Structures are given as structure tokens and as C-alpha cells.
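Letter by letter, the chains look like this.
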Amino acid sequence: MYVLGIESSCDETAAAVVKDGIRILSNEVSSSLQFHQKYGGVVPEIASRMQLETIAEVADSAIKKARVKLKDIGLVSVTAGPGLIGSLLVGISFAKSLSLSLSIPLLGTNHLYSHIYANFLNGRAVELPFVALVVSGGHTSLFYVEDFDRINLLGATLDDACGEAFDKVAKILALGYPGGPVIERLAKNGNSGKIKFSCSNTKHPLDFSFSGIKTAVLYCVRRPASGVQRRNMAQYAIPHLLRQAGRNTQYADIAASFQEAVIDVLIKKSLLACKIKKAKRLVMGGGVVANSRLREKFYAEAEKSRVKIYFPDKKLCLDNAAMVAGLGYKLFRQGYRSNLDLNVDPN
Ligand code: KG4
Ligand code: ZN
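If you're wondering where the values come from, they're calculated on a predicted model, not measured in any experiment.

Enquirer: Would you mind showing me how to read the coordination of the zinc ion (ligand 2) here?
Expert: Donor atoms from the polypeptide that coordinate the zinc ion (ligand 2) comprise His 111 (NE2), His 115 (NE2) and Asp 319 (OD), at 2.0 to 2.1 Å from the metal. Considered as a linear motif, the donors of the zinc ion (ligand 2) on their single chain read H-x3-H-x203-D. Placement of His 115 in helix H4 (residues 111–117) and of Asp 319 in the loop between strand S10 (308–310) and helix H12 (322–333) is noted, with a sequence separation of 204 residues between them.

Pasting the structure below:
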């Protein structure tokens, strides 16, 4: 069965055609990133306006690249939430109109579960049940997955999402948006043991908190800890010097130390969740898990705990519609359908 996936939960407008939930025939993503960059984050109104303008073109391109005809599509799977209301509405309205005009079944899917499903594309599979960690720009959540229609939340961030913390730290350091890739690049030249950052403790051990570490970076940049030379302090504080990222070692140390502290807390809590649930498999998803240092350290630590770890292909970590089509197929086969009163589920 050919499934058309539609994804528009944040700044991307994406469409994909996936065969039988595993074979990606096309995977088109158009981003409005360049229009948000000067604001240091996604502006919802700009995102939804761009999505409205591009969605038909992106879907058309996905159909053409897959070399299928619209009449061959057996299901339209669309992200219903969580995400930005206006953006989700564009995708859902488009999917509904296709479903109605072509008499194709419609299915609304959960964006976070789609990130988990990215591990099942390209013929890969993970034995159920497992613990899943989704780390994106909007969420940081640990789940216990018995099947894709039986997913329980074990813990989540109480404040900023992990990707959001990367984005905000990059903004503090005047590195631009999105922050994850640039922090990762910069951290490669830094000493992660130089500054002792840590993420705040949470009352519930499987929850997360990233707003404290972001503020710690801010203070480190504006008011370095005692012992740091005054002239070094000036280097931290002057944005145009900070922009010379690669050449500023101290700046790289901040990025490396921040990144390491974040990765450490993600590992600690994910492995704790595996221990609590007696799970032997840990499945990763979301934009942040494209990070190479995170992947490397997770593999090493999971192995020590005898937990098998799974990551999607790097290009399937970020928002895309192939994962939406794949999850839609899986749920459709389990008997799930949406009707035309499908609504956005932003939270
Ligand atoms: O899953 P995603 O594409 O969109 C949401 O659902 O939010 O994730 C985007 C987030 C952004 O916050 C971005 O900074 C972060 O993923 N990200 C990374 C990396 N690449 C993207 N974070 C750390 N390291 C990366 N290499
Ligand atoms: Zn996402």
C-alpha cells in the first residue's frame, strides 16, 4: 500500500510516499528556516504562512518523485499534534481535502510517535516492547512502547525541551538558529571537562529540566566564575568575538561542556527508565539524536548496561513526512482511521 504522509508541525512543510510502512519512495522537506533565523527561533505566523504557500507544491513533488499517481495512494497520514496550531491546521486541512476529493482514508498521527517510528523505516525493525527517548526542539520525553497504539509516558521535560536548550544556548553565544548543529560542530574543538555544567534535578527521576543549565551558560558568558581572567571575560562578552566560534577555544569549551552535561543526563535517565521497566531495548528519535557525540556516548553507555540501542538514519531524525506515512500505515493496518472532524491536538 502507498501512503502519503504530510508533516507540518513546526517550520517544515513535508510530504512523502512510503510503501507498506517501510520503503521510502520519496521524502520531500521544505523549510522556512531562513525566514526565522533573524529572530533566533521559529515565528509561528511566518511558519504557517509559508506552509500554506508551499504545501500543495511539496505534496505534488513527493507524488512525482515516488513515480506514483494520486489514485494509487491508499491512505493520507497527517501529523495532528503536538506542534504549532496554525502549522498543524495547514497540514490537516490539506490532508482532509485530499481525502475527501479522492475518497482516500485519512489518519491523524502523533508527531512524537512518528519520531519513534523513524527507526522502522528502510526495512529496519525493533522488537517490542522498548523504552523510547524523543528529544526534539519542542519535546524531551521518555516512553514505554508496548505497541504503537499502547505507548505510556514515563517522564518529560518540566520546562525547556532539550533541542530548545541547544537553540537558546546558541542564541546566547550569538551562533544563530538552529543551535544543535552549530553547538555540535563547535564542541568538537572544545574541552568538555573545562566547565562543570549540570542539569537540575527533578522530583520525579524520569523527568527532565533544561532551563537551569541554559541560565548557567548565560551567567558563564556574562559573569564568568571566579578564577577566569578578566581579559578572558571580555572575550566571552563581546558578540563579534563570540562569532569567531571555531577560533575561540573558551567558547568551544562552553559548547562542549554544555553538550556533555546534556548528553549525560539523557543517558542517565534513559538507562534508569530501562532498568525500571526491565527493558533491554532503547529506541531514540527526534532532531537532537542526529548529534554524533550523543550517538557515540549512548552506544558506549548502553552497551555497559547491556541495553541494545537503536537510532534512526541521521537524515530521518529531523522532521520529515516519511515517518508520518510509516506510522500511519502501521496504525491503519491495526484498524485505526480518522474522519473529517479530525482536529489539531497541539499539546
Ligand atoms: O525533531 P526536530 O526536527 O523538530 C521538532 O520536532 O522540534 O528537532 C529540531 C531540534 C532543534 O532544536 C535543533 O537545534 C535540534 O533538533 N538539533 C540538534 C542537532 N540537529 C538538530 N541538536 C543537537 N545536535 C544536533 N546535531
Ligand atoms: Zn519533530
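Enquirer: How do you make sense of the packing of helix H5 (residues 162–172) against helix H6 (residues 179–187) when you look at a structure like this?
Expert: For any two helices packed against each other, one specifies the inter-axial angle together with the distance between the axes. The interhelical angle for the contact between H5 and H6, taken along N-to-C directions, is 70°, at an axis separation of 8 Å. Taken as axis vectors, H5 and H6 run roughly perpendicular relative to one another. The element H5 and its partner H6 pack so that their crossing is left-handed. Contact with H5, carried on its side by Phe 166, Asp 167, Val 169 and Ala 170, involves Gly 179, Gly 180, Val 182 and Ile 183 of H6 and no other residues of that element. Residue composition of the contact of H5 with H6, grouped by class: five nonpolar, two polar and one charged.

Enquirer: Is there a simple way to think about the state of the cysteines in this case?
Expert: Disulfides are covalent bonds that link the sulfur atoms of two cysteine residues. Enumeration according to the criterion identifies zero disulfides in this entry. Note on Cys 10: no disulfide assigned, nearest cysteine sulfur contributed by Cys 162 at a separation of 15 Å. Looking at Cys 317, it has no disulfide partner, and the nearest cysteine sulfur is the one in Cys 162, 13 Å off. For Cys 317, a relative accessible area of 0% puts it in the buried group.

Enquirer: Before we go on, may I ask you to explain the site of ligand 1 in this structure?
Expert: By nearness alone, 19 residues border ligand 1, and Gly 137, Asp 167, Gly 180, Glu 184 and Gly 287 come closest of all. Interatomic distance of 2.7 Å between a side-chain N/O atom of Asp 167 and an oxygen atom of ligand 1. At a separation of 3.0 Å, an oxygen atom of ligand 1 approaches a polar backbone atom of Gly 180. Within the residue set of the shell around ligand 1, elements represented by two or more residues are H4, H5 and H6. Looking at the shell around ligand 1 residue by residue, the class counts come to five nonpolar, 11 polar and three charged. When residues of the shell around ligand 1 are assigned to domains, at least three map to each of domain 1 (2–122 + 317–333) and domain 2 (130–312).

Enquirer: Looking at this structure, how should I read the packing of aromatic side chains?
Expert: Within a pair of aromatic rings, the relevant descriptors are the distance that separates the centres and the angle that separates the planes. The tally for this structure, following the rule as stated, stands at nine aromatic pairs. Here Phe 208 and Phe 210 contribute two aromatic rings whose centre-to-centre distance is 6.0 Å and whose plane-to-plane angle is 10°, an arrangement assigned as stacked. Each member of the pair Phe 208 and Phe 210 is classed as buried. The rings of Tyr 117, Phe 120, Phe 130 and Phe 148 are connected pair by pair, giving a single aromatic cluster. Lys 269 extends its terminal NZ or CZ atom over the ring of Phe 208, reaching a point 5.7 Å from the ring centre. Above the ring of Tyr 144, the side-chain terminus of Lys 277 is found at 4.6 Å from the ring centroid.

Enquirer: Mind showing me how you'd approach the nonpolar core here?
Expert: When a protein is soluble and globular, its nonpolar side chains tend to lie buried together. The biggest cluster of nonpolar side chains holds 55 residues, and the ones touching the most others in it are Phe 210, Phe 258, Leu 266 and Phe 298. At the level of secondary structure, the elements contributing two or more residues to this core comprise strand S6 (130–135), strand S7 (140–147), H5, H6, helix H7 (211–222), helix H10 (249–277), strand S9 (281–285) and helix H11 (292–304). No other element matches H10, which puts 15 residues into this core. If we ignore the near neighbours within four places in the chain, the residues touching Leu 266 are Leu 133, Val 135, Thr 140, Cys 162, Phe 208, Phe 210, Leu 294 and Phe 298. Tyr 117, Val 283, Tyr 310 and Tyr 329 belong to the second-largest nonpolar core, a separate cluster that totals 32 residues.

Enquirer: Could you clarify how one ought to interpret the environment of Cys 10 in this entry?
Expert: Position of Cys 10 relative to the elements: it lies in the loop between strand S1 (2–7) and strand S2 (12–19). With 336 residues separating them along the chain, Cys 10 and Pro 346 place their C-alpha atoms 11 Å apart.

Enquirer: Any chance you could explain the pattern of salt bridges here in plain terms?
Expert: Overall, the coordinates contain 16 salt bridges when judged by the stated rule. Between Glu 28 and Lys 65 there is a salt bridge, with its nearest N and O atoms 3.3 Å apart. Linking Glu 28 in strand S3 (residues 23–31) with Lys 65 in helix H2 (residues 44–65), this pair joins segments that are 37 residues apart in sequence. Linking Asp 60 and Lys 64 is a salt bridge whose minimum nitrogen-to-oxygen distance equals 2.7 Å.

Enquirer: In this structure, what is going on with the domain arrangement of the chain? I would like to understand it.
Expert: How big an interface is tends to be stated in terms of accessible area lost as the parts join. Once the domains are mapped, the chain shows domain 1 (2–122 + 317–333) and domain 2 (130–312). The centre of domain 1, based on its C-alpha atoms, is set 27 Å off from the matching centre of domain 2. The interface of domain 1 with domain 2 comprises 20 residues on the first partner and 25 residues on the second. Buried surface at the junction of domain 1 and domain 2, both sides included, amounts to about 1,900 Å², of which 76% is carbon and sulfur. Across the domain 1-domain 2 interface, the total number found is one salt bridge. Notably, a salt bridge pairs Lys 330 with Asp 147, separated by 3.2 Å at the nearest N-O pair. Between domain 1 and domain 2 we count four residue pairs in polar contact (both at pLDDT 80 or more) in total. For the side of domain 1 that touches domain 2, the secondary-structure elements that each account for two or more residues are H4 and H12. Considering every element that reaches the side of domain 1 that touches domain 2, the biggest residue donor is H4, with five residues. Looking at the side of domain 1 that touches domain 2 residue by residue, the class counts come to 14 nonpolar, five polar and one charged.

Calculation rules
- Residues numbered from 1 in each chain as written.
- Chains lettered and ligands numbered in written order.
- Predicted model: local features only at pLDDT ≥ 70, side-chain atom pairs only at ≥ 80, totals over all residues.
- Heavy atoms only, no water.
- Donors = N, O, S within 2.8 Å, 3.2 Å for Na, K, Ca; no water.
- Helix = DSSP H or I, 4+ residues; strand = E, 2+ residues; numbered from the N terminus.
- Axes fitted to C-alpha atoms, helices over the stretch in contact; angles between N-to-C directions.
- Parallel < 35°, antiparallel > 145°, perpendicular 65-115°, else oblique.
- Left-handed = near helix turned anticlockwise from the far one by under 90°.
- Contact = heavy atoms within 4.5 Å.
- Nonpolar A, V, L, I, M, F, W, Y, C, P; charged D, E, K, R; others polar.
- Disulfide = S-S within 2.5 Å.
- Buried < 20%, exposed > 50% of the residue type's maximum accessible area, 1.4 Å probe, protein only.
- Near = heavy atom within 4 Å.
- Polar contact = N/O pair within 3.5 Å; in protein donor to acceptor, adjacent residues only side chain to side chain.
- Domains from an automatic or database assignment.
- Phe/Tyr/Trp six-rings, centres within 6.5 Å; stacked < 30°, edge-to-face > 60°.
- Lys NZ or Arg CZ within 6 Å of the ring centre and 35° of its normal.
- Core = buried A, V, L, I, M, F, W, Y, C linked by side-chain atoms within 4.5 Å.
- Salt bridge = Lys/Arg side-chain N within 4 Å of Asp/Glu carboxyl O.
- Buried area = accessible area lost by both parts, 1.4 Å probe.

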